[in-house]
Amino acid sequence: MVARCYTVAFEGIEARLVEVQCAITAGLPAFSIVGLPDKAVSEAKDRLRAALSSMSIALPSRRITVNLSPADLPKIGSHFDLPIALAVLAALDILPQADLEDTVSLGELSLDGGLVGVIGALPAAMAASAADKGLICPKPCGAEAAWVGAAKVLAAESLNEVVRHFTGDAPLLPSAPGEIIPATLTKDMREVKGQERAKRALEIAAAGRHHLLLVGPPGSGKSMLAARLPGILPPLTPAEALETSMIHSLAGLLDEGGISRSRPFCEPHHTASMAAIVGGGKGAKPGQISLAHNGVLFMDEFPEFARPVLETLRQPIETGTVVIARANAHIRYPCKFLLVAAANPCRCGYLSDPNRACARVPDCGVDYLGRISGPLMDRFDLRIEVPPVGFMDLDLPETGEPSETIAKRVAAARDIQSARYAEFDDIRVNVDAEGRLLETYAKPGEDGQKFLNKAAERFGLSARGYHRILRVARTIADLDQSESLQQNHIAEALSFRLASALQS
């Protein structure tokens, strides 16, 4: 007799159903796990033996074979412990086979039979729901998995509780979803003294998810401005929150099963490796660009990042997805993020200050910003210079609008874009629109078209740059609640792309 139960293996944010088969046959005593298990899965037999011993259950002196099907799919992670244990117990006629076939399970076993929390409970619940099955997981994962309301989620503290549930001695109660973590606004745009042009650029970037490059001397407020960008972004929609939480679940970043409606804000250090930024490493985990999906990726000291790391951003910026290629698999993660990059104008940072600049001015500035390649620079819709703020200005009272007021305008512009692209599943904001959509919704009038054509010829705009100006102009028009694209919208979009020190 072969006993069967089900679990999942992760491929990116997708969880693929895996059938766990167990056969106990005559032969020399042995316990083998086959089906491309990694080291953690292979060690499950030792944890299982100790856990069953704590429950006064002894494995028979026969040959036990566990097969993880499909056998050509790599099995990685300790979450295979619980399904292997259930398959073995079903093969021993301790658990009913029929009930196990309607359940997906995952969880790590401790030596005393307890269940330890694992990553990926939310994608696993999605897979269980798609297969019309329930889910059994460790107690710490129950609140997270219960967000998938279509799946019945049962959470247990130990293997003994799972056994008693299936034998009918003490049925488990369904888990409740975790609390929604409220958004907390601690950094307000009003705290920034001056920098009105930079604030305007942040508003446009937030409204259309346009990538932004800030260049200015040390202490001019680039990091301060970027840190306040999440405060003017609208909260995640339910679909976006679930999509983002699935990535964070695989990275083990969900706190007690709570799902946040705040947009992610990731700020990796410039010494981060390619695997940390793009994704990879053992198990091809998501990188910072995927953890920032539907949120903000802030890269301070942008030219200091390794050149290969910067160049790998070019394709994800365009496609909104990243593919991590391995010898036996291609893992795909979504990564639609708003990139905010900050840089000094030169290595010393004081290119425009004759009293503090080094002897290599202006060549040092050309060399330093030259670390950002032309194709990558071309992908920044908004490029602005952030001038230094005088220390006398710091004593002035707070000026400008609070983040709450700016956020209302951004939300209204996003609503316009959502309605405009409602029939397209993969387009939510203007930066995603291209081709005929631009011709339909971002077509300027006759005067605006002549103005744009002159600018494109004068500054040698690439085709990408031309279309990106139209996208930014469309966002500016949305902020103005204007259905048509006016010449002043195009002029403002051009002014942000053709900053004197940042032309490419």
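Everything below is about the structure printed above this text.
(A) Main features of the packing of helix H3 (residues 81-91) against helix H7 (residues 159-167). Orientation of H3 relative to H7, taken along the N-to-C sense of each, is 45°, at an axis distance of 11 Å. Classified by the interaxial angle, the pair formed by H3 and H7 is oblique. Like other packed secondary-structure pairs, H3 and H7 cross with a definite hand, here right-handed. Touching Leu82, Ala85, Leu86 and Leu89 of H3 are Leu159, Val162, Val163 and Phe166, all from H7.

(B) View of the side chain of Arg414. Tracing the backbone shows Arg414 in helix H17 (residues 403-420). For the buried Arg414, no salt bridge exists, and the shortest N-O distance to an oppositely charged side chain is 5.3 Å, to Glu240. Of the polar contacts made by the side chain of Arg414, one reaches the backbone oxygen of Ala206; its length is 2.8 Å. Apart from residues lying up to four places away in sequence, Arg414 is in contact with Ala206, Ala207, Arg209, Leu233, Pro234, Arg263 and Val429.

(C) Spatial organisation of helix H10 (residues 238-250). Along its 13 residues, H10 runs 19 Å from first to last C-alpha, staying within 8% of the 18 Å computed at 1.5 Å per residue. Turning to H10, its buried residues number three or more, namely Glu240, Ala241, Thr244, Ser245, Met246, Ile247, His248, Ser249 and Leu250.

(D) Up close: the sheet that holds strand S19 (residues 338-343). Pairing in this open sheet of five strands is parallel, and the strands run S13-S16-S19-S11-S20 from one edge to the other. Of all the strands in the sheet, just strand S13 (265-266) and strand S20 (382-385) have a single pairing partner and so form its edges. Running over the sheet, helix H8 (residues 196-208) touches strand S11 (212-215), S19 and S20 and is turned about 165° from S20.

(E) Just the pairing of S11, in detail. Here S11 shows no split at all, with Leu212 and Leu214 on one side and Leu213 and Val215 on the other all buried. With four bridges connecting them, S11 and S19 associate as parallel partners. When the sheet's bridge partners are listed, Leu213 is paired in S19 with Ala341.

Cut-offs applied
- Residues numbered from 1 in each chain as written.
- Predicted model: local features only at pLDDT ≥ 70, side-chain atom pairs only at ≥ 80, totals over all residues.
- Heavy atoms only, no water.
- Axes fitted to C-alpha atoms, helices over the stretch in contact; angles between N-to-C directions.
- Helix = DSSP H or I, 4+ residues; strand = E, 2+ residues; numbered from the N terminus.
- Parallel < 35°, antiparallel > 145°, perpendicular 65-115°, else oblique.
- Left-handed = near helix turned anticlockwise from the far one by under 90°.
- Contact = heavy atoms within 4.5 Å.
- Buried < 20%, exposed > 50% of the residue type's maximum accessible area, 1.4 Å probe, protein only.
- Lys, Arg positive; Asp, Glu negative; His and termini not counted.
- Salt bridge = Lys/Arg side-chain N within 4 Å of Asp/Glu carboxyl O.
- Polar contact = N/O pair within 3.5 Å; in protein donor to acceptor, adjacent residues only side chain to side chain.
- Expected span 1.5 Å × (residues − 1).
- Pairing = 2+ DSSP bridges.

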